[in-house]
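Geometric and topological summary
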Amino acid sequence: MSSHNKVAVVTGAGTGIGRAAALALLKDGYRVALAGRRKEPLEQTVKDAGPAGARALAVPTDVSNLESVKALFAATVEKFGRVDVLFNNAGTNAPGILFEDLAYEKWKAVVETNLTGMFLCAQEAYRHMKNQDPRGGRIINNGSISAHSPRPDSAPYTATKHGVTGLTKTISLDGRKYDIVCSQIDIGNAMTSLASRMAKGVKQANGSIAVEAMMDVAHVGEAVRYMASLPLEVNVQFMTIMATKMPFVGRG
């Protein structure tokens, strides 16, 4: 099945990494369901796609809400007939705060979106992929450099991203018998509104504040498009894409 016949769902598609991935997939010929909390940014993504936006469907969605997720996939299948790719991208963060001062409500909000939301979307995609004809599909989870190494004062975000890795591995194992492939992309310092503070200075492990190297988010969109383009017999199990000079490898 060529990309021109494939259907993708992208969560968090109204901004940042999700928008970049959605635009790359639309450019490559996919029909794409765009999910996000707010309608206006999703509509902006459709506009940014130009003529390819005719193959987009904007579906306001709260990924932490089961019924909202079910409605997203029902709308996608009603419009496009199937689900070939899920870019499970929607996420949030809590303001950097000392571990002992972290409010329960902040912890809960991050976990509900970053981990529970990712589970709900993956499970619903999995169910459709298992039962459609031809069977199977690909789920790409957005991990993070934080799935490997934390930043200071980032307990909720880091914990959920480590959880995403476990979810990815489990889906990879359980999905084999249904031709469902699961991958994880770990992204470091893509220039988005969420990460723009890195370019202005961010807390380092030794407590100092330092400006960090950034990369164009369009490169992430292209990486997701490449992962999605592979036949189901092939998987990029884990991909790390990062600004070359960001402090990750080595001691900073």
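What you see is a predicted model; the values in this text were computed from it and never measured.

Here strand S9 (residues 238-242) shows a buried face lined by Met239 and Ile241 and an unburied face lined by Phe238, Thr240 and Met242. Bridging between strand S6 (residues 180-188) and S9 involves five bridges; their strand directions are parallel. Each residue of the ladder has a partner; that of aspartate 186, found in S9, is threonine 240.

One open sheet accounts for seven strands, arranged S3-S2-S1-S4-S5-S6-S9; its pairing is parallel. The open sheet has two edge strands, strand S3 (56-60) and S9, and neither has a second partner. For this sheet the average axis-to-axis angle between neighbouring strands, irrespective of direction, equals 15°. Taken together, the six bridges between strand S5 (residues 137-142) and S6 define a ladder with parallel strand orientation. Within S6, the residue paired with arginine 138 across the bridge is valine 181. Sheet strands in contact with helix H6 (residues 218-229) are strand S4 (85-88), S5, S6 and S9, and its direction is about 165° off that of S6.

Throughout the structure, instances matching the rule amount to twelve salt bridges. For glutamate 124, the salt bridge identified is with arginine 127, shortest N-O distance 3.4 Å. Note that glutamate 124 and arginine 127 are positioned in helix H4 (residues 104-131) at a spacing of three residues, about one turn of the helix. Ionic pairing is found between arginine 225 and glutamate 222, a salt bridge with its closest N-O pair at 3.0 Å.

What follows deals with the packing of aromatic side chains. Inspection of the entire model under this criterion finds one aromatic pair. On the numbers, 5.9 Å between centres and 85° between planes, the contact of tyrosine 126 with tyrosine 178 is edge-to-face. A residue pair is termed long-range when its members are at least 10 positions apart, and tyrosine 126 in helix H4 and tyrosine 178 in the loop between helix H5 (155-174) and S6 qualify at 52 residues. Comparing tyrosine 126 with tyrosine 178, the two get one shared label, buried.

One finds Val32, Phe87, Ile140, Ile185, Ile187 and Val220 to be the most contacted residues of the largest nonpolar core, which totals 36 residues. At the level of secondary structure, the elements contributing two or more residues to this core comprise strand S1 (7-11), helix H1 (16-27), strand S2 (31-36), S4, S6, H6 and S9. Considering each element in turn, this core owes the most residues, six residues, to H1. Setting aside its immediate chain neighbours within four residues, phenylalanine 87 contacts Val9, Val10, Thr11, Ile17, Ala21, Ile140, Asn142, Ile185 and Val224. Grouped together as the second largest cluster of nonpolar side chains are 28 residues, Val69, Met129, Leu167 and Ile171 included.

On to helix H3 (residues 66-80), then. Between its first and last C-alpha atoms H3 spans 21 Å; for 15 residues at 1.5 Å apiece the expected length is 21 Å, and the two agree. Every buried residue of H3 is accounted for by Ser68, Val69, Leu72, Phe73, Thr76 and Phe80. Along the axis of H3, the buried residues cluster in a sector spanning 135°; they form a single face. In H3, the exposed positions that point more than 90 degrees away from the buried face belong to Glu67 and Glu78. Looking at the buried residues of H3, the elements they touch are S1, S2, S3, S4 and H4. Here H3 starts with a cap whose side-chain oxygen sits 3.1 Å from the backbone nitrogen of glutamate 67, and that cap is asparagine 65. After H3 finishes, the residue glycine 81 shows a positive phi value of roughly 95°.

Once that is clear, we can look at the environment of alanine 8. Its location among the elements puts alanine 8 in strand S1. We classify alanine 8 as buried; its relative accessible area is 0%. Here the alpha-carbon distance between alanine 8 and arginine 82, two residues 74 residues apart in the chain, equals 8.9 Å. Here alanine 8 is in contact with Leu25, Tyr30, Arg31, Val32, Ala33 and Val85, once residues within four sequence places are set aside.

Within the secondary structure, arginine 138 sits in strand S5. The exposure class of arginine 138 is buried, given its relative accessible area of 1%. Here the alpha-carbon distance between arginine 138 and aspartate 84, two residues 54 residues apart in the chain, equals 6.2 Å. At 3.0 Å, the side chain of arginine 138 and the backbone oxygen of proline 231 are in polar contact.

Rules and cut-offs
Residues numbered from 1 in each chain as written. Predicted model: local features only at pLDDT ≥ 70, side-chain atom pairs only at ≥ 80, totals over all residues. Heavy atoms only, no water. Buried < 20%, exposed > 50% of the residue type's maximum accessible area, 1.4 Å probe, protein only. Helix = DSSP H or I, 4+ residues; strand = E, 2+ residues; numbered from the N terminus. Pairing = 2+ DSSP bridges. Axes fitted to C-alpha atoms, helices over the stretch in contact; angles between N-to-C directions. Contact = heavy atoms within 4.5 Å. Salt bridge = Lys/Arg side-chain N within 4 Å of Asp/Glu carboxyl O. Phe/Tyr/Trp six-rings, centres within 6.5 Å; stacked < 30°, edge-to-face > 60°. Core = buried A, V, L, I, M, F, W, Y, C linked by side-chain atoms within 4.5 Å. Expected span 1.5 Å × (residues − 1). Arc of directions from axis to C-beta. Polar contact = N/O pair within 3.5 Å; in protein donor to acceptor, adjacent residues only side chain to side chain.

By themselves, these are just geometric observations and shouldn't be taken as functional.
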